[in-house]
Amino acid sequence: IDMNSNQYAGRLARKLFSALNNDRDYLVVDDFLPFFDKEEDAIKAFEFFDKDGNGDISKREMRDRIMLVYKERRSLINALSDMSQVVGKLDLFMTAFALLVIVIIALLVFGLDALKSLATMGTLFVGWSFVFGNTFKTVFECIIFLFQVHAYDVGDVVVIAAETMTVSKIRLLSTVFFKGDGTYTVYPNNQLATQKIQNMRRSKPQSESIVVAFDFHTPQEKLNALQDRMNEYVDEHPRDFSGPIGFTLDLLENVNRIQLGIGLNYKSNFQDGRRFGIKNSFAFALRQAICDLDLRYSNTLQPVAMVQSPP
């Protein structure tokens, strides 16, 4: 089995959980203490696996954390490989520039008039500036973007121009992105330097909202009951959500409907993609609560006038 594969990570998680397990379906900090010299180190190791901070580690948490570590490991290997190639190409440019400086210094050392020699090559340099001037400008912009801005690494999920993509390969002049539909897209780095880039991996725990509309005459008691039901659901899933949901009245539209925004506060960012499954489960629970409370919405009746057609 490949030591960097998810299969190997899952096997390691099972072995580690069984080695630490004390005839329970979960682990506590006391299970870590015998394997560390200091209690502080054991607590830090326990907190690393206890992502939701509820005081215990389930098999799912152990598996997810170890698989995340192995995924980060693969991304780091790819990132180091790509950056090594970028540095190698940059080294060629710097070597060519250094050779030009060495030639000029050599002319001065051997008593030749370097300025006169360069003047004779001026025409050639001017011609090269028209041919390669834009290339050198592009290379310089890409170097600044890759090494100074450094907006992403290999494996990062980014949002560029309202498109969510995963960084697949980083080159000196371009970056290859992998989209959700399976296509690979190449973006020039000098154009990416002018774009707004949202990096999911480097983001803190994120949140989003679900918009729901109800009939304008819906009693407030039912809406409060809906809020209580969904907060109970969040409390039952502490590994996925943090804190109570946001329940905001967004819109009262023309005595027609009430629009609510239900905010979800996740315990992770949108890098690993678990957010979609968590959101779907919450949405189905929200649908069931709406049906149980008999909350409805329908368009208002519109008057219809019967007009006799002219002869």
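Residues numbered from 1 in each chain as written. Predicted model: local features only at pLDDT ≥ 70, side-chain atom pairs only at ≥ 80, totals over all residues. Heavy atoms only, no water.

Taking an unreviewed UniProt entry as the reference, the chain is identified by name as EF-hand domain-containing protein belonging to Linderina pennispora. For the record of the chain, the UniProt heading Subcellular location (unreviewed entry) holds the text "Membrane". (UniProt positions renumbered as here; feature names shortened; annotations may be inferred.)

Asker: I'd like a rundown of the packing of aromatic side chains, residues and numbers included.
Answerer: For the coordinates displayed, the defined rule picks out 13 aromatic pairs. A centroid spacing of 5.6 Å and a plane angle of 85° characterise the contact between Phe32 and Phe46, whose relative ring orientation is edge-to-face. With Phe32 in the loop between strand 1 (26-27) and helix 2 (39-49) and Phe46 in helix 2, the pair connects residues that are 14 residues apart, well separated along the chain. Of the two residues, Phe32 and Phe46, neither departs from the other in class, the shared state being buried. A ring pair is formed by Phe241 and Phe282, whose centres lie 5.8 Å apart and whose planes are at 55°; its orientation type is tilted. With a gap of 41 residues between them, Phe241 in the loop between helix 7 (220-236) and strand 9 (246-253) and Phe282 in helix 8 (residues 274-292) connect regions that are remote in the sequence. You can call Phe241 buried: its relative accessible area is 4%. Grouped by ring-pair contacts, the aromatic residues Tyr233, Phe241, Tyr266, Phe270 and Phe282 constitute a single cluster. (Phe/Tyr/Trp six-rings, centres within 6.5 Å; stacked < 30°, edge-to-face > 60°. Helix = DSSP H or I, 4+ residues; strand = E, 2+ residues; numbered from the N terminus. Buried < 20%, exposed > 50% of the residue type's maximum accessible area, 1.4 Å probe, protein only.)

Asker: I'd like a rundown of the pattern of salt bridges, residues and numbers included.
Answerer: Scanning the entire structure with this criterion turns up 13 salt bridges. Across the salt bridge formed by Glu141 and Lys137, the nearest N and O atoms sit 2.7 Å from each other. Here Glu141 pairs with Lys137, and both are found in helix 5 (residues 122-149), just four residues apart, close to one helical turn. Accessibility expressed as a relative area gives 27% for Glu141, which makes it partly exposed. Here Arg202 makes a salt bridge to Asp153, at a shortest N to O gap of 3.2 Å. Of this pair, Arg202 sits in the loop between strand 7 (197-199) and strand 8 (207-215) while Asp153 sits in the loop between helix 5 and strand 3 (157-160); the two residues are 49 residues apart in sequence, bridging distant segments of the chain. (Salt bridge = Lys/Arg side-chain N within 4 Å of Asp/Glu carboxyl O.)

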